[in-house]
Amino acid sequence: MGSDPIFSPIGVFDSGVGGLSILRALRAELPYERFVYLADSGHAPYGERGDAHVVARSRLLSAWLRQHHQIKALVVACNTATAAAIHLLRAEHPALPIVGVEPAIKPAIAQSKTKRIAVLATRGTLASEKFNTLLASLANQATFVCQPCDGLADAIEQGTQTGDATEIEALCAHYTRVTGQFGIKEGEIDTLVLGCTHYPFASALLQTLVGQSVILLETGAPVARQTRQLLGDAGLLSVSAPRGSGIDLLTTGSADTLQAAAQRWLALEAPAQNLSI
Ligand code: DGL
């Protein structure tokens, strides 16, 4: 390779555009880093397709990012992929700093007063051993209402493409209604954990549905801080190099969708490219 790995990019992947909510936080925390964002929209949604699919795709994308972009660190910007595959990715790439995303249930306990907390996530995340082990370790500190939101990540993906939010609105209204009573009175759910990286892009709508007094938690900022920490520990943190345009946007689905999402949510003007992997 020859070039200093400090100048290599950080790889970030998700099943689609959702991981842009993590990329947004990464860019804010790490202004001198370059990123390669890979949206696996052609093989999404992950949350409803079972572990074998998610593991196979996560392994393939990670190996591809290493081989084609010599990434110096990897952020798995997807709760479902983190739950299913991060232990395997760490075993396969022992020298690579790898950061995952999981629902912010510990911070939720710290912030909740009623100690009734809702977690909206994919079916895959909520069924995973990783999530259930975490939940069991905290079960005596709060009551958790976990709601799988089939179709919501996909609707957010489609909505980006078409600009039509009808399906997103219907699903958010349905899932918040079946989750329970939100509010700050005793017995009400006062904290809502967004356990899928797509959902922050519906957070304004969700906030309206559950009421302004309910706390919404997402994971971008802590993931970005953790990435900074790991890069620093490994001597790989770029502290002064100009980033320039610094972002490659790649997708196994529609390049127009990823480009539109990056423009809308990150004010990023970078072009997106389609890949067949
Ligand atoms: N964005 C992903 C997550 O955080 C999954 C969405 C999906 O493909 O089901 O879990």
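Everything discussed here concerns the structure shown above.
Let us look at the structure shown here. (Residues numbered from 1 in each chain as written. Predicted model: local features only at pLDDT ≥ 70, side-chain atom pairs only at ≥ 80, totals over all residues. Heavy atoms only, no water.)

On to the site of the ligand. Contacts to the ligand come from 13 residues, most closely from Ser15, Tyr46, Gly47, Thr80 and His198. The side chain of Asp14 places a nitrogen or oxygen atom 3.0 Å from a nitrogen atom of the ligand. Between a nitrogen atom of the ligand and a side-chain N or O atom of His198, the distance comes to 2.8 Å. For the ligand, whose free accessible area comes to 300 Å², the fraction covered by protein is 100%. Each residue belonging to the shell around the ligand can be placed in one class, and the counts come to 5 nonpolar, 7 polar and 1 charged. (Near = heavy atom within 4 Å. Polar contact = N/O pair within 3.5 Å; in protein donor to acceptor, adjacent residues only side chain to side chain. Areas by Shrake-Rupley, 256 points an atom, 1.4 Å probe, with all protein chains shown as cover. Nonpolar A, V, L, I, M, F, W, Y, C, P; charged D, E, K, R; others polar.)

In spatial order, the strands read 6-5-7-8; together these 4 strands make up an open sheet with parallel pairing. Whereas interior strands pair on both sides, the edge strands pair on one side only; in this sheet they are strand 6 (143-148) and strand 8 (215-217). When strand polarity is set aside, the average angle formed by the axes of neighbouring strands in this sheet is 20°. Here strand 5 (residues 116-121) runs beside strand 6; their pairing, made up of 6 bridges, is parallel. Among the inter-strand pairings, Ala118 is bridged to a residue of strand 6, identified as Val145. Each of strand 5 and strand 6 is contacted by helix 8 (residues 166-179), which is oriented at about 150° to strand 6, the strand it contacts most. (Pairing = 2+ DSSP bridges. Helix = DSSP H or I, 4+ residues; strand = E, 2+ residues; numbered from the N terminus. Axes fitted to C-alpha atoms, helices over the stretch in contact; angles between N-to-C directions. Contact = heavy atoms within 4.5 Å.)

Attention now goes to the side chain of Glu157. With respect to the helices and strands, Glu157 occurs in helix 7 (residues 152-162). Put simply, Glu157 is tucked away with no salt bridge, and the nearest opposite charge, on Arg49, sits 11 Å away. Reaching out from Glu157, the side chain makes a polar contact with the backbone nitrogen of Val17 at a distance of 3.2 Å. Excluding anything up to four places from it in sequence, Glu157 contacts Gly16, Val17, Ser41, His198 and Thr257. (Buried < 20%, exposed > 50% of the residue type's maximum accessible area, 1.4 Å probe, protein only. Lys, Arg positive; Asp, Glu negative; His and termini not counted. Salt bridge = Lys/Arg side-chain N within 4 Å of Asp/Glu carboxyl O.)

Moving on, we come to the sheet that holds strand 2 (residues 35-39). Taken in spatial order, the 6 strands line up as 4-3-1-2-9-10 in an open sheet, and their pairing is parallel. With one partner strand each, in any of the chains shown, strand 4 (98-99) and strand 10 (272-274) form the two edges of the open sheet. Judged from the 3 bridges that link them, strand 9 (residues 247-251) and strand 10 form a sheet pairing that is parallel. Note that in strand 10 the partner of Leu249 across the bridge is Ala272.

The next thing to look at is helix 8. Counted at 1.5 Å a residue, the expected span for helix 8 with its 14 residues is 20 Å, and the 20 Å between its end C-alpha atoms agrees. Taken as a whole, helix 8 has its buried residues at Ile168, Leu171, Cys172, Tyr175, Thr176 and Thr179. For helix 8, the angular spread of buried residues about the axis comes to 120°, placing them on one side. Exposed and oriented more than 90 degrees from the buried face of helix 8 are Thr166 and Arg177. Looking at the packing, one finds that the buried side of helix 8 touches strand 5, strand 6, helix 7 and helix 9 (203-210). (Expected span 1.5 Å × (residues − 1). Arc of directions from axis to C-beta.)

Time to look at the nonpolar core. Membership of the largest hydrophobic core comes to 57 residues, with the highest contact counts inside it found for Val12, Leu20, Val75 and Leu192. Of all the elements, helix 11 (residues 255-266) adds the most residues to this core, at 6 residues. When neighbours within four sequence positions are excluded, Leu20 is seen to be in contact with Tyr37, Phe201, Leu258, Ala261, Ala262, Trp265 and Leu266. In terms of nonpolar packing, the next biggest core, distinct from the first, is built from 22 residues, Leu65, Leu74, Ala84 and Ile98 among them. (Core = buried A, V, L, I, M, F, W, Y, C linked by side-chain atoms within 4.5 Å.)

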